Amino acid sequence: MMVDMSTTPAGSVRARVRAGLVDEIKQTARRHLAEQGASALSLRAVAREVGMVSSAVYRYFPSRDDLLTALIVDAYSAVGAAVEEASARRRRSDVEGRWWAICAAVRHWAVANPHEWALLYGSPVPGYAAPVDTVGPAGLAPLAFLRVVADGVAAGIVVSVPAALPRSVRSDFARLRADAGLQVPDDVLARAFAAWAGLFGSVSLELFGHLHNVITDDAAYFESQMRAAGTHLVGAHLVDAHDADLSAG
């Protein structure tokens, strides 16, 4: 599309040009991730492919770590958006349905973006230390999930069952409740963390090839595992078991 320079402010044109270059640099870097891995990512190599001298690329990303951070923030934001959109498509009261929608969305994103998944949840990149800029985006997906859990608790759908937890864990959970503004009991948070770990662990096992020669239908296995995790998360069966134990006693 041609830009009418007579009616477009020069600043907005420069901003669009800059945004386009930043996007091209990141897209090229993602291809390099897929081909060579994060540890081999090189600003000079990216600059050559984009057709820029390395000194010009440094005006957009002063170092390799800055480029890695931008890719990580984008990936975390994309996973967070996928989780939020999946949850929003279900009724607020349908906790297990929202959980399964979240699981399916996370797996779909990971399968479509395996190298970015590895950047987030695989082995750490040697020499790279994630800055504070990544903390907020990293929390988008888990906080969206915990809001589903909190909705379930408030509606009486997710039940609380007495559970023994170490004092240090209870302290961590209390801080999380305060920071996130969540009204979720300790035992429910423990089940939520287990479900979340099961989701991300299951996706990583599949993507990193650890289920080869064991599972023949990855999608069916994943669904069965996640639906079982959803049942455990809601916890109604735990209440029945607890009542049965009390009756037997």
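Right, let's walk through the structure included here. Quantities reported herein were computed from a predicted structural model and do not represent experimental measurements.

If you tally the helices and strands in the chain, you get 11 helices and 0 strands. When the helices and strands of the chain are listed from N to C terminus, the series reads α-α-α-α-α-α-α-α-α-α-α. Judged by the C-alpha coordinates and their principal axes, the chain covers about 80 × 50 × 35 Å. Taken over 249 residues, the chain has a buried fraction of 39%. Put simply, of all contacts in the chain between residues at least 6 apart along the chain, 71% involve residues at least 24 apart. Surface exposure of the chain reaches about 13,600 Å², of which carbon and sulfur atoms provide 56%. Computed over 23 positive and 26 negative side-chain charges, the inter-centroid distance for the chain is 6 Å.

A few words now on the packing of aromatic side chains. Counting across every chain of the model gives 9 aromatic pairs. These aromatic residues form a ring-pair network of at least three members: Tyr-76, Trp-99, Trp-117, Tyr-121, Phe-145, Trp-196 and Phe-200. Above the face of the Phe-222 ring, Arg-107 is positioned so that its terminal group lies 5.6 Å from the ring centre.

This part takes up the pattern of salt bridges. One pass over the structure, following the stated rule, counts 15 salt bridges. A salt bridge links Asp-94 to Arg-90; the nearest nitrogen and oxygen atoms lie 3.6 Å apart. Taken together, the shared-partner salt bridges connect Lys-26, Arg-30, Asp-74 and Glu-116 into one network.

At 3.6 residues per turn, the α-helix brings residues three or four places apart onto the same side. Here helix α8 (residues 167–180) contains 14 residues, and its C-alpha end-to-end distance of 20 Å stays within 8% of the 20 Å for a straight helix at 1.5 Å per residue. Gly-181 occupies a position one or two residues after α8 and carries a positive phi of about 65°.

Roughly 160 Å³ of volume is contained in the largest pocket. Ile-72, Tyr-76, Leu-119, Leu-120, Ser-123, Pro-124, Val-125, Tyr-128, Ala-130 and Thr-134 together form the lining of the largest pocket. Residues of the lining of the largest pocket, tallied by class, amount to 8 nonpolar, 2 polar and no charged.

Another point: empty space enclosed by the protein. Empty space among the atoms can be located by rolling a probe the size of a water molecule over them. Going through the model one piece at a time under the given rule, you end up with 1 cavity of 30 Å³ or more. By volume, the largest cavity is sized at about 40 Å³. What lines the largest cavity is Ser-202, Glu-206, Leu-211, Asp-218, Tyr-221 and Phe-222. At the level of secondary structure, the elements contributing two or more residues to the lining of the largest cavity comprise α9 (186–207) and α10 (218–234). When residues in the lining of the largest cavity are grouped by element, the largest group, 3 residues, is from α10. The residue inventory of the lining of the largest cavity, partitioned by class, reads 3 nonpolar, 1 polar and 2 charged.

Bringing the packing of α8 against α9 into the picture now. Packing of α8 against α9 leaves a shortest axis separation of 10 Å and a crossing angle of 90°. Of the possible angle classes, the one that applies to α8 and α9 is roughly perpendicular. Here Arg-170, Phe-173, Leu-176 and Arg-177 of α8 lie close against α9, whose contacting residues are Asp-186, Leu-189, Ala-190 and Phe-193. Residues of the contact of α8 with α9, tallied by class, amount to 5 nonpolar, no polar and 3 charged.

Running from N to C, helix α7 (residues 135–154) and α9 point in directions that differ by 140°, and their axes come no closer than 11 Å. Overall, the two elements α7 and α9 adopt an arrangement that is oblique. The chirality of how α7 crosses α9 is right-handed. Every residue of α9 that contacts α7 at Ala-141, Pro-142, Phe-145, Leu-146, Val-149 and Val-153 is listed here: Val-188, Leu-189, Ala-192, Ala-195 and Trp-196. A per-class count over the contact of α7 with α9 returns 11 nonpolar, no polar and no charged.

This next bit is on the nonpolar core. Counting residues in each nonpolar core, the largest one holds 61 residues, and the members touching the most others are Ile-25, Trp-99, Phe-145, Trp-196 and Leu-199. Here the element with the most residues in this core is helix α4 (residues 64–88); it accounts for 9 residues. Excluding residues that lie within four positions of it along the chain, Phe-145 makes contacts with Val-83, Trp-99, Ile-102, Ala-192, Ala-195, Trp-196 and Leu-233.

Scoring rules and cut-offs
Residues numbered from 1 in each chain as written. Predicted model: local features only at pLDDT ≥ 70, side-chain atom pairs only at ≥ 80, totals over all residues. Heavy atoms only, no water. Helix = DSSP H or I, 4+ residues; strand = E, 2+ residues; numbered from the N terminus. Buried < 20%, exposed > 50% of the residue type's maximum accessible area, 1.4 Å probe, protein only. Contact = heavy atoms within 4.5 Å. Areas by Shrake-Rupley, 256 points an atom, 1.4 Å probe, with all protein chains shown as cover. Lys, Arg positive; Asp, Glu negative; His and termini not counted. Charge placed at Lys NZ, Arg CZ, Asp CG, Glu CD. Phe/Tyr/Trp six-rings, centres within 6.5 Å; stacked < 30°, edge-to-face > 60°. Lys NZ or Arg CZ within 6 Å of the ring centre and 35° of its normal. Salt bridge = Lys/Arg side-chain N within 4 Å of Asp/Glu carboxyl O. Expected span 1.5 Å × (residues − 1). 1 Å grid on protein atoms, 1.4 Å probe; cavity = no way out; pocket = protein on both sides within 12 Å on 5 of 7 lines; lining within 4 Å. Points joined across faces, edges and corners; volume = space filled by probe spheres on them. Nonpolar A, V, L, I, M, F, W, Y, C, P; charged D, E, K, R; others polar. Axes fitted to C-alpha atoms, helices over the stretch in contact; angles between N-to-C directions. Parallel < 35°, antiparallel > 145°, perpendicular 65-115°, else oblique. Left-handed = near helix turned anticlockwise from the far one by under 90°. Core = buried A, V, L, I, M, F, W, Y, C linked by side-chain atoms within 4.5 Å.

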